[in-house]
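Letter by letter, the chains look like this.
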Amino acid sequence: MAHCTTPKTLESTLLPELEESIANIQARGISQKDFDQDLNKNQKIWLVIGICLHNIISPILRENVEDVMTTMYSALVKSDHINTQTYPGHLKFYPPNGVYAYYLNYENINNNKVLGRQTQLFNYKVKDAVDLSKLFLLTNMTSYTGFDETCDLSALLGIVINVDSFHQIGKTAAANVIAFLSGTTLGLELVKEIHEETCVLAKHAQVLANHFKVIDIQISNVNNTLKELKELQQVLTDMKTNFEDRISFLEKNVIEIKSVSNIGKVY
């Protein structure tokens, strides 16, 4: 027979940080400072540009950056053993013999930042392509955890510009985008905020979906239990009927036996 578990309440299902995020969205809406008045024409243009950069350019850049950095990482593992390197024999510049070599920032990986200027104590092992990409950026640009939504446009453009493996045409285009955005980032800020809040609501919807899925399973278990009880009831009913039939049969036999006995006494 199926067993039912005690259902969790919806409140206990929501993660505290998710509840807090939803409360923040409800409290402020989308940044009130940006919507105290209607967006002017220039702001609308920047908003459209921000949407295009965030939803069209960034995904394409992520794919390209991931491909280039993965290939580059594999090559450096073979040539410089960057996955096992230690101080002071670690790779310091890239390309090693290039005219415009980039000084690699190992502060950005393996939590080396907490060691300050004690670079001799740094962990110089580069574990993957994501870590490798962080060596080419300023520390405040390296909070991403993969070539995904956490890797924003500024980081992507920085990687393209600073890593020698990217074509010069791409570098020039990336530099032009940065220069173009230097005047204002309103569009990007709004798109990023809307995207973040949409993600929070999506997580909330997923939690609700999971909660109702559990309820559906529990309802199904109850239905199965009721079905089993009904089947058991039918079995008991059949047993009762069979038992009554047997009792009736026995009673009939007893009556016949008594009748035969009485006839014998007469004779």
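Residues numbered from 1 in each chain as written. Predicted model: local features only at pLDDT ≥ 70, side-chain atom pairs only at ≥ 80, totals over all residues. Heavy atoms only, no water.

Asker: Is there a simple way to explain the overall build of the protein in this structure?
Answerer: The number of helices and strands found in the protein is seven helices and two strands. In the protein, the succession of α and β elements from N to C terminus is α-α-α-β-β-α-α-α-α. Taking all contacts inside the protein whose residues are at least 6 apart in sequence as the whole, residues at least 24 apart take part in 65%. With the model as given, the accessible surface of the protein reaches about 18100 Å², and the carbon-plus-sulfur share is 59%. (Helix = DSSP H or I, 4+ residues; strand = E, 2+ residues; numbered from the N terminus. Contact = heavy atoms within 4.5 Å. Areas by Shrake-Rupley, 256 points an atom, 1.4 Å probe, with all protein chains shown as cover.)

Asker: Any chance you could explain the pattern of salt bridges here in plain terms?
Answerer: Any two side chains of opposite charge can pair if their charged atoms end up close together. Using the criterion set out here, one finds two salt bridges in the structure. A salt bridge links Arg62 to Glu149; the shortest N-O distance between them is 3.9 Å. With Arg62 in helix H3 (residues 41–80) and Glu149 in the loop between helix H4 (129–134) and helix H5 (153–162), this residue pair connects regions lying 87 residues apart in the sequence. Since its relative accessible area comes to 48%, Glu149 is described here as partly exposed. (Salt bridge = Lys/Arg side-chain N within 4 Å of Asp/Glu carboxyl O. Buried < 20%, exposed > 50% of the residue type's maximum accessible area, 1.4 Å probe, protein only.)

Asker: Looking at this structure, how should I read the packing of aromatic side chains?
Answerer: Aromatic rings considered in pairs are described by the distance between their centres and by the relative angle of their planes. Here the structure, examined in full by the defined rule, presents six aromatic pairs. Residues Phe93 and Tyr103 carry aromatic rings whose centres are separated by 5.3 Å and whose planes lie at 65° to one another, so their mutual orientation is edge-to-face. Here the residue Phe93 occupies a position in strand E1 (residues 93–94), and Tyr103 occupies one in strand E2 (residues 102–103), the gap between them amounting to 10 residues. Here the aromatic rings of Tyr102 and Phe136 are separated by 5.5 Å at their centres, their planes lie at 35°, and the arrangement is tilted. Remark: Phe136 occurs in the loop between H4 and H5 and Tyr102 occurs in strand E2; sequence separation between them is 34 residues. For Tyr102, a relative accessible area of 21% corresponds to the partly exposed category. Grouping aromatic residues by their ring pairs yields a cluster made of Tyr87, Tyr106, Phe122 and Tyr124. The ring of Tyr144 has Lys134 lying over it, and the distance from NZ or CZ to the ring centre is 5.2 Å. (Phe/Tyr/Trp six-rings, centres within 6.5 Å; stacked < 30°, edge-to-face > 60°. Lys NZ or Arg CZ within 6 Å of the ring centre and 35° of its normal.)

Keep in mind that these numbers describe shape and distance, not what the molecule does.
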